[in-house]
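Here's the letter readout for the chains.
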Amino acid sequence: METPLRQETLWQGSFLSLHRDEVRLPDGGTARRVYLTHPGAVMVVPLLDDGRLVVERQYRYAVRRAFMEFPAGKLDAGEGGWACAARELREETGYQADEWARAGVLHPCIGYANEVIEIWFARGLRHGARTLDEGEFLDVLALTPQELLDAVARGDLTDGKTLVGLLWWQNVASGRFVLDWRPAAHWAPSASGGAS
């Protein structure tokens, strides 16, 4: 364990902030830790009835290339994981899901950020209109699992969260992982016993 001794905010953005802390190390020494805080995010693995998976192709400026990804997005203030997952799926792809399962979480960048991404699966998809954010441009694709795995083997699919989503999908498809599927109404904040 490392114990914070002094904390300083170096920069505060619209949803990210950069911090520098002085910490006490297990051996009694001290060190500095610089890290980003993040509000958290979700990723959705959308399953079509014909076995294909819904993914997006989106340009990511920091890396200067387009990436194939499962739908994902950051949590808004006070928003629960399922609400964010349902919103992002609808806004980015136009799909709504009849059933949802929360698979788990992933920590994409533990060396320099506290970001946590909840992994959700969605099935019983119904297509509708997309409502992309201003300045958001992406293509929606429906690919077979083999097409996605081939893209991984070629080095075309390299997004970390999507690789984790495919790992989960492989284990669910093989029966090694079992998901607790619930109707969308179960997860809605107003549902009794539902989780957000």
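For the structure itself, consult the block above.
Residues numbered from 1 in each chain as written. Predicted model: local features only at pLDDT ≥ 70, side-chain atom pairs only at ≥ 80, totals over all residues. Heavy atoms only, no water.

Participant: So what's going on with a nonpolar patch on the surface? Residues and values would help.
Facilitator: Residues Leu10, Trp11 and Val34 make up a contiguous nonpolar surface patch of roughly 290 Å² in combined accessible area. Mapped onto the elements of the fold, Val34 is located in strand 3 (residues 30-37). (Patch = residues over 30% accessible without salt bridge, like charges linked within 9 Å, V, L, I, M, F, W, Y side chains within 5 Å. Areas by Shrake-Rupley, 256 points an atom, 1.4 Å probe, with all protein chains shown as cover. Salt bridge = Lys/Arg side-chain N within 4 Å of Asp/Glu carboxyl O. Helix = DSSP H or I, 4+ residues; strand = E, 2+ residues; numbered from the N terminus.)

Participant: So what about the sheet that holds strand 3? Which residues, and what values?
Facilitator: The strand order 1-2-3 describes an open sheet built from three strands, whose pairing is antiparallel. Strands at the two margins of the open sheet, each flanked by one partner only, are strand 1 (3-12) and strand 3. Across the sheet, the axes of successive neighbouring strands diverge by a mean angle of 20°, strand direction being ignored. For strand 2 (residues 17-24) and strand 3, the ladder comprises eight bridges, and the chain directions are antiparallel. Within the sheet, the bridge partner assigned to Arg20 lies in strand 3 and is Val34. (Pairing = 2+ DSSP bridges. Axes fitted to C-alpha atoms, helices over the stretch in contact; angles between N-to-C directions.)

Participant: Tell me about helix 1 (residues 81-93), residues and numbers included.
Facilitator: With 13 residues, helix 1 should reach 18 Å at 1.5 Å per residue; the first-to-last C-alpha distance of 18 Å fits that figure. Burial within helix 1 is extensive, with 11 of its 13 residues counted as buried. Among the residues of helix 1, those classed as buried are Gly81, Trp82, Cys84, Ala85, Ala86, Arg87, Glu88, Leu89, Glu91, Glu92 and Thr93. Positive backbone phi, approximately 85°, marks Gly94, located one or two places after helix 1. (Expected span 1.5 Å × (residues − 1). Buried < 20%, exposed > 50% of the residue type's maximum accessible area, 1.4 Å probe, protein only.)

Participant: I'd like a description of the packing of aromatic side chains, backed by residues and values.
Facilitator: On inspection of all chains with the given rule, the structure shows four aromatic pairs. Ring centres of Trp100 and Trp120 lie 6.3 Å apart, and the angle between their planes is 75°; this geometry places the pair in the edge-to-face category. Taken together, the residues span a long stretch of sequence, with Trp100 in strand 8 (residues 95-106) and Trp120 in strand 9 (residues 117-127) at a distance of 20 residues. With relative accessibility at 1%, the residue Trp100 sits in the buried group. Overall, the relative accessible area of 1% leaves Trp120 in the buried class. Ring pairs connect the aromatic residues Trp82, Trp100, Trp120 and Trp187, which therefore count as one cluster. Here the guanidinium or amino end of Lys74 rests over the ring plane of Phe15, the centre of that ring lying 5.2 Å away. Positioned above the aromatic ring of Trp181 is the side chain of Arg123, whose terminal nitrogen or guanidinium carbon lies 4.0 Å from the ring centre. (Phe/Tyr/Trp six-rings, centres within 6.5 Å; stacked < 30°, edge-to-face > 60°. Lys NZ or Arg CZ within 6 Å of the ring centre and 35° of its normal.)

Participant: Account for the sheet that holds strand 8, with residues named and values stated.
Facilitator: The five strands lie next to each other as 7-4-9-8-11, forming an open sheet whose pairing is mixed. Bordering the open sheet on either side are strand 7 (72-74) and strand 11 (182-183), each of which pairs with just one other strand. Direction of pairing for strand 4 (residues 41-46) relative to strand 7: antiparallel, over a ladder of three bridges. When the sheet's bridge partners are listed, Val42 is paired in strand 7 with Gly73.

Participant: Can you break down the nonpolar core residue by residue, with the values?
Facilitator: Taken as a class, soluble globular proteins show a tendency for nonpolar side chains to be buried jointly. Within the largest apolar cluster, 25 residues are counted, with the highest numbers of intra-cluster contacts made by Met43, Leu53, Phe121 and Leu148. For this core, the secondary-structure elements that each account for two or more residues are strand 4, strand 5 (53-60), strand 8, strand 9, strand 10 (138-143), helix 2 (145-154) and helix 3 (160-174). Sequence-distant contacts of Phe121, that is, excluding residues within four places in its chain, are made with Val45, Leu47, Glu99, Trp100, Ala101, Ala103, Gly165, Trp168, Trp169, Val172, Leu179 and Trp181. In this structure, Ala86, Trp100, Leu125 and Trp187 belong to the second largest nonpolar core, which totals 19 residues. (Core = buried A, V, L, I, M, F, W, Y, C linked by side-chain atoms within 4.5 Å. Contact = heavy atoms within 4.5 Å.)

Participant: Account for helix 3, with residues named and values stated.
Facilitator: Taking 1.5 Å of rise per residue, 15 residues should cover 21 Å, and helix 3 covers 21 Å from first to last C-alpha, within 8% of that figure. Here helix 3 has its buried residues at Lys161, Thr162, Gly165, Leu166, Trp168, Trp169 and Asn171.

Participant: Lay out unusual backbone geometry with the relevant residues and their values.
Facilitator: In the Ramachandran plot, Arg64 falls in the positive-phi region, its phi being about 60° despite a non-glycine side chain. Tracing the backbone shows Arg64 in the loop between strand 5 and strand 6 (65-69).

Any functional reading would require information beyond the geometric quantities listed.
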